[in-house]
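If you want the building blocks of each chain, they are given just below.
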Protein chains: 2
Amino acid sequence: MKPRSHHSEEQHLTESLGATGLRLTPQRQQVYDVLVQKRDHPTAEEVFIRAKKAMPDISHATVYNCLDALVKSGLARQVTLDRGATRYCPNMHEHGHFHCDTCQTVFDVDLPAQAMPLPKGFAAEHFDIAIHGKCPDCAQKK
Amino acid sequence: MKPRSHHSEEQHLTESLGATGLRLTPQRQQVYDVLVQKRDHPTAEEVFIRAKKAMPDISHATVYNCLDALVKSGLARQVTLDRGATRYCPNMHEHGHFHCDTCQTVFDVDLPAQAMPLPKGFAAEHFDIAIHGKCPDCAQKK
DNA sequence: GGACCACTTTAGAATTATTCTAAATCTTGA
DNA sequence: TCAAGATTTAGAATAATTCTAAAGTGGTCC
C-alpha cells in the first residue's frame, strides 16, 4: 500500500467535491484559493473581485455557483450576520464568529464542543453561532 | 405608592422606545402586534403584508423603519438564516433558533445561560445561535 | 392657539444581493 | 468520436433593502 504522505490541497478538493457528485474545476479551485488566501470572511462580491484578478473571465454567477459547491461539499461555510451580503469562510474547524460592532471585523472564535442541549427529538446537523460585541482592541479604546 | 399591577403592552412599548429616543407611533404598535400575534418568524415582507390588513396605508419603508426601531429598542430580534430575507422575532427571552431543513419551520429553543467562553478581551453584547437540522416530526418521518 | 422643530411616514426610485436563463464549452465514458 | 451530463458565461430578472424628498404629526415654548 502506497503511503500517502498528506493530501495535497487539490486532492482534498477533488475528494470532497467528488463525494458530493461534483467536479473540481479551475473556477472552483480559484474561488477556494481566494477564500484561503485571505481569511477575512469576504462576501460573494468580494470573492468575485479577488478571483477576477487571477481569472479575468470568471463570472458573477460562477462565483455563486462555486461558493455553493464548496459549501455543499463541506469545504466552506456561509456566515450570515445581520442583513446584508452573506460571507464565506474556509475554516471548517468547529468555531463561531465574533463580529466587532465597532471595527466591523469578523473573528473566528473557538467554541466548546457543542453540548448544546436541544429539546427532545431535534436532530442538529449544523450550528451557526454569531456573537456581536467589541473586539479586544475596540473594547480597550473605549 | 400606587401598585402597578403590570405594564400594559403600550406602556412597555412607549418605555422601551423612549429609552432609545424614539416614540411609539401607530405604525410601530401595529408592526409589533403583527410580530406578537403570530410568532412564526416572518420576513419584513410578510410583516408588511400582515400589517396592511389592519393598516392599509402603511408603506414598505415604514415596516423596515419600524422593525429597526423595535430591534434598536430591544423589543424584537433579527433572525438571519442562510441567504435570503431577514426574519423577526419578538421573543426577547434568551434563546436560539432551530431551523428545520425539511419543513422550513423555525423553532425557538431555550439555551443554557451562555457561558460561551470567549478569548480574553472580547466583550460580547449579543449572541445569535442558529441551528440547522430536522425537527422532531421531520426526523421521525425519516 | 399658533409657530416651530424634531421625528415619522409615504411613494417610488435606486441600489444591492442573488437567482435564473439559454447558449456555449468542457469532460468523460461508451 | 459521440452523446450525455456538468459547468461556465453574459446578461436579464427577481428579491431584499435602502434612499430621497415631500408631506404629516405632535409636543412645547412663548
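Predicted, not measured: the structure shown is a model, and the values here were computed from it.

K.L.:
What is the right way to read the protein's contact with DNA strand C from this model?
P.N.:
Of all residues adjacent to DNA strand C, which total 18 residues, the nearest are Tyr64(A), Arg23(B), Thr25(B), Arg28(B) and Thr62(B). Within 4 Å of the protein, atoms of DNA strand C come from sugar and phosphate in 80% of cases. Between DNA strand C and Arg83(B), the relevant distance is 3.0 Å, taken from a phosphate oxygen to a side-chain nitrogen or oxygen of the residue. Residue assignment for the surface near DNA strand C shows that the elements contributing at least two residues are helix 4 (60-72) of chain A together with helix 2 (26-37) and helix 4 (60-72) of chain B. Here the residues of the surface near DNA strand C are counted per class, giving six nonpolar, seven polar and five charged.

K.L.:
Whenever I open this one, the confidence of the model for chain A confuses me. Can you help?
P.N.:
Segments scoring low in pLDDT should not have their predicted coordinates read at a detailed level. Per-residue confidence for chain A gives a mean pLDDT of 91, with 92% of residues at or over 70. A low-confidence stretch, residues 1-5 of chain A (pLDDT under 50), is modelled with two contacts involving residues beyond four sequence positions or located in other chains.

K.L.:
Teacher, can you tell me more about the protein's contact with DNA strand D here?
P.N.:
Around DNA strand D, the structure places 17 residues, and the nearest of them are Thr25(A), Arg28(A), Thr62(A), Asn65(A) and Tyr64(B). The contact atoms of DNA strand D, taken as those within 4 Å of the protein, divide so that sugar and phosphate hold 78%. Measuring from a phosphate oxygen of DNA strand D, one finds a backbone N or O atom of Arg23(A) at 2.9 Å. At 3.0 Å, a side-chain N or O of Arg83(A) approaches a phosphate oxygen of DNA strand D. Looking at the surface near DNA strand D residue by residue, the class counts come to six nonpolar, seven polar and four charged.

K.L.:
Just checking my understanding: could you explain the nonpolar core for this structure?
P.N.:
The nonpolar side chains of a soluble globular protein tend to be buried, and buried together. Judged by nonpolar contacts, the single largest core of 21 residues is most densely connected at Met116(A), Ile129(A), Ile131(A), Met116(B), Ile129(B) and Ile131(B). Broken down by secondary-structure element, the contributors of at least two residues to this core are strand 3 (95-100) and strand 5 (123-134) of chain A together with strand 3 (95-100) and strand 5 (123-134) of chain B. Here the element with the most residues in this core is strand 5 of chain A; it accounts for three residues.

K.L.:
Hey, could you run me through the interface of chain A and chain B in this one?
P.N.:
One frequently used descriptor of interface size is the decrease in accessible area upon assembly of the parts. Facing the 37 residues of chain A at the interface are 37 residues of chain B. Between chain A and chain B the total buried area reaches about 2900 Å² when both faces are included, carbon and sulfur atoms providing 61% of it. Taken together, the connections running from chain A to chain B amount to two salt bridges. Counting the contacts that link chain A with chain B gives 12 residue pairs in polar contact (both at pLDDT 80 or more). Of all the elements in the fold, those that place two or more residues in the side of chain A that touches chain B are helix 4, strand 4 (106-110), strand 5 and helix 5 (136-140) of chain A. Partitioning the side of chain A that touches chain B into residue classes produces 21 nonpolar, seven polar and nine charged.

K.L.:
Could you clarify how one ought to interpret the relation of the copies chain A and chain B in this entry?
P.N.:
Think of it as a corkscrew move, a rotation about one axis and a shift along it, taking one chain copy to the other. Mapping chain A onto chain B calls for a screw motion: a turn of 180° about the axis and a shift of 0.0 Å along it, with 0.0 Å RMSD after fitting. The two molecules are tied by a two-fold rotation axis, judged by turn and shift. Taking C-alpha positions as the reference, the residue of chain A nearest the rotation axis is Ile129(A), at 2.3 Å.

K.L.:
How should helix 1 (residues 9-19) of chain A be read in this particular structure?
P.N.:
Because an α-helix packs 3.6 residues into every turn, residues spaced three or four apart end up facing the same way. Residue and element names in this part refer to chain A. Inspection of helix 1 places Leu13, Ser16 and Leu17 among the buried residues, and these make up the whole buried set. Viewed end-on, helix 1 has its buried residues packed into an arc of 95°, placing them on one side of the element. Downstream of helix 1 by a residue or two, Gly21 has a phi angle that is positive, lying close to 80°.

K.L.:
Explain the environment of His97(B) here, please?
P.N.:
Residue and element names in this part refer to chain B. Along the polypeptide, His97 turns up in strand 3. Look at His97 and you get buried, because its relative accessible area is 2%. Along the sequence, His97 and Pro42 sit 55 residues apart, while their C-alpha atoms lie 13 Å from each other. Not counting residues within four places of it along the chain, the set of residues in contact with His97 comprises His41, Arg77, Val79, Cys89, Val106, Phe107, Asp108, Val109, Ile129, Ala130 and Ile131. At 3.0 Å, the side chain of His97 forms a polar contact with the side chain of His95.

About the thresholds
Residues numbered from 1 in each chain as written. Chains lettered and ligands numbered in written order. Predicted model: local features only at pLDDT ≥ 70, side-chain atom pairs only at ≥ 80, totals over all residues. Heavy atoms only, no water. Near = heavy atom within 4 Å. Polar contact = N/O pair within 3.5 Å; in protein donor to acceptor, adjacent residues only side chain to side chain. Helix = DSSP H or I, 4+ residues; strand = E, 2+ residues; numbered from the N terminus. Nonpolar A, V, L, I, M, F, W, Y, C, P; charged D, E, K, R; others polar. pLDDT = per-residue confidence, 0-100. Contact = heavy atoms within 4.5 Å. Core = buried A, V, L, I, M, F, W, Y, C linked by side-chain atoms within 4.5 Å. Buried < 20%, exposed > 50% of the residue type's maximum accessible area, 1.4 Å probe, protein only. Buried area = accessible area lost by both parts, 1.4 Å probe. Salt bridge = Lys/Arg side-chain N within 4 Å of Asp/Glu carboxyl O. Least-squares fit on C-alpha atoms with pLDDT ≥ 70 in both. Arc of directions from axis to C-beta.

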